[in-house]
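Structural features, examined
Chain residues, written in single-letter form:
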Amino acid sequence: MRVALVGARGHGARHVDNLLRLGHDGVATFVGVVDVADVDVPVPSYPDLPSLAAELHPEVVVISSPPSTHRELVLGAFDLGCDVLVEKPALLSTADFEEISAAAEKRGLVCQVGFQSQGKGSYRRLCSLIGSGALGDISGIGAAGRWVRTDSYYERAEWAGRQGEDGTLVNPFAHALQNALLLADVEERSDIGVELELFRCRDTISADDTACVRVTAEGAPPVVVATTLCATTSLPPIVLVHGSLGQAVWWYDDDRLKVNDHTMAVPPSVDLLENLIRHRQTGEPLVAPLAAARAFTSVVQQCGKTAVPLLPARRVGDRVVLDGVDEVVVRAAEKMATFSELGCGFGR
Ligand SMILES: NC(=O)c1ccc[n+]([C@@H]2O[C@H](COP(=O)([O-])OP(=O)(O)OC[C@H]3O[C@@H](n4cnc5c(N)ncnc54)[C@H](O)[C@@H]3O)[C@@H](O)[C@H]2O)c1
């Protein structure tokens, strides 16, 4: 299948590598790139999608441009009759989510979202363990994201640190949130309760750099996700499944899974673009369809509207440290409690 990429720098560089790999393996033909900037890629590049399409006729478009550009680019790709793989956050409002879902349905096209951990073998193994009852009754899904990020993180792109497009749950730890929503089986629901506590430790950004969310839905285990980019030390992000027969710890970035402290074997991962291509060719189900990002998009929308108070924090060279947050984000995931419930001093 003929595939074009929109946005080749930043995270797009990973898509370039993947497309070259798939081209080498004969799975896809990487026809060209669309970017508003000059890019250094071994395929033709164009300033917009219609001019690329007029010459190269793609069948699939991968979109890895800033979040606020996704809606228009996805609609543009649909107008050209292309299926889409769009990076997370796919869309920034539930209205856009409904519009794009309806547009795909109307044209008989599909939209996969760049939640690559949904293709990980560890995810499939964890789902089957939960489904088989091996963990007993599930009382909650917790997740913790804890990274150190320096000033350069916010200087790399115009939209970085901007509320409405960025924020820890919307961008760097979007996977933690989405994974927790999936494991609680609420990902497609719109009837969810969302409690948010958002904070920022830098006065140069409007989005949160430290956050906690609880998502609840009738008949489903609660979800608590706690995140920070103001840690003293980074930790690989974790998702905890609390069950009556035990606990699972999932390191989604590393494709690692432990249950009751035992390391579990995991099947091979599925690449999202290969899966989308096979979906078209053989009907294989999509692993990360847009429909599964409904609850995530509701949380994203609320993150864009919730107050983000500034916290007093410590500057250490080119980073900002929130004392105590390292332990608090992990405790929130373990105890299924929000910052304020943990009485950590900065919760509301
Ligand atoms: N799946 C993941 O693990 C993961 C990781 C990092 C980023 N992302 C997501 O990937 C997307 C891109 O993030 P980034 O940090 O690479 O962004 P970025 O700001 O670095 O932009 C990426 C590219 O898009 C180009 N671009 C900007 N506006 C454009 C437009 N209107 N049309 C065409 N090209 C345009 C830029 O010139 C750049 O080459 C975001 O949605 C981000 O959240 C996903």
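Please read these numbers as outputs of a predicted model, since none were measured by experiment.

Description of helix 1 (residues 12–24)
An ideal rise of 1.5 Å per residue puts 18 Å on 13 residues; helix 1 measures up with 18 Å between its terminal C-alpha atoms. When we look at burial in helix 1, the residues that qualify are Gly12, His15, Val16, Asn18, Leu19 and Leu22. Buried residues in helix 1 make contact with strand 1 (2–6), strand 2 (29–34), strand 4 (60–63), strand 5 (83–86) and helix 8 (272–282). Positioned one or two residues after helix 1, Gly26 has a phi angle of 75°, which is positive.

What to know about the sheet that holds strand 6 (residues 111–113)
Strand order in the open sheet made by the six strands is 3-2-1-4-5-6, with parallel pairing throughout. Edge positions in the sheet fall to strand 3 (45–46) and strand 6, since each has one partner strand and no second. As paired strands, strand 2 and strand 3 are joined by two bridges and run parallel to one another. Across the sheet, the residue bridging to Val33 is Ser45, located in strand 3. Along the sheet face, helix 1 touches strand 1, strand 2, strand 4 and strand 5 and points at about 165° away from the line of strand 1. Set on the sheet, helix 8 makes contact with strand 1, strand 4, strand 5 and strand 6; between it and strand 5 the angle comes to about 165°.

Side note on the site of the ligand
Surrounding the ligand, one finds 25 residues, the nearest of these being His11, Asp35, Lys88, Gln116 and Asn171. In the model, a nitrogen atom of the ligand is placed 2.9 Å from a nitrogen or oxygen of the Glu87 side chain. Interatomic distance of 2.9 Å between a side-chain N/O atom of Gln116 and an oxygen atom of the ligand. In isolation the ligand has 850 Å² of accessible area, and contact with the protein removes 84% of it. In terms of residue class, the shell around the ligand is made up of nine nonpolar, eleven polar and five charged. Formed jointly, the shell around the ligand draws a minimum of three residues from each of two domains, domain 1 (2–113) and domain 2 (121–267 + 291–342).

Describing the sheet that holds strand 7 (residues 138–148)
With mixed pairing, eight strands are arranged side by side in an open sheet as 8-9-10-7-11-12-13-14. Strands with a single pairing partner mark the edges of an open sheet, and in this sheet they are strand 8 (193–199) and strand 14 (262–263). Note: strand 11 (residues 230–243) against strand 12 (residues 246–251), five bridges, orientation antiparallel. Within the sheet, the bridge partner assigned to Gly243 lies in strand 12 and is Gly246.

So, the packing of helix 7 (residues 174–183) against helix 9 (residues 294–303)
Here helix 7 crosses helix 9 at 135°, and the two axes come no closer than 9 Å. In this view, helix 7 runs oblique relative to helix 9, as classed from their interaxial angle. For the pair helix 7 and helix 9, the sense of crossing is right-handed. Of the residues in helix 9, those in contact with Ala174, Leu177, Gln178 and Leu181 of helix 7 are Ala295, Phe296 and Val299. A per-class count over the contact of helix 7 with helix 9 returns six nonpolar, one polar and no charged.

What to know about the pairing of strand 1
In terms of residue burial, strand 1 counts as a mostly covered element, since four of its five residues are buried. Crossover strand 1 to strand 2 through helix 1 is right-handed. Pairing of strand 1 with strand 4 involves four bridges; the strand directions are parallel. In the strand pairing of strand 4, Val6 is matched with Ile63.

The rules behind these values
Residues numbered from 1 in each chain as written. Predicted model: local features only at pLDDT ≥ 70, side-chain atom pairs only at ≥ 80, totals over all residues. Heavy atoms only, no water. Helix = DSSP H or I, 4+ residues; strand = E, 2+ residues; numbered from the N terminus. Expected span 1.5 Å × (residues − 1). Buried < 20%, exposed > 50% of the residue type's maximum accessible area, 1.4 Å probe, protein only. Contact = heavy atoms within 4.5 Å. Pairing = 2+ DSSP bridges. Axes fitted to C-alpha atoms, helices over the stretch in contact; angles between N-to-C directions. Near = heavy atom within 4 Å. Polar contact = N/O pair within 3.5 Å; in protein donor to acceptor, adjacent residues only side chain to side chain. Areas by Shrake-Rupley, 256 points an atom, 1.4 Å probe, with all protein chains shown as cover. Nonpolar A, V, L, I, M, F, W, Y, C, P; charged D, E, K, R; others polar. Domains from an automatic or database assignment. Parallel < 35°, antiparallel > 145°, perpendicular 65-115°, else oblique. Left-handed = near helix turned anticlockwise from the far one by under 90°. Right-handed = clockwise from strand over helix to strand, strands pointing away.

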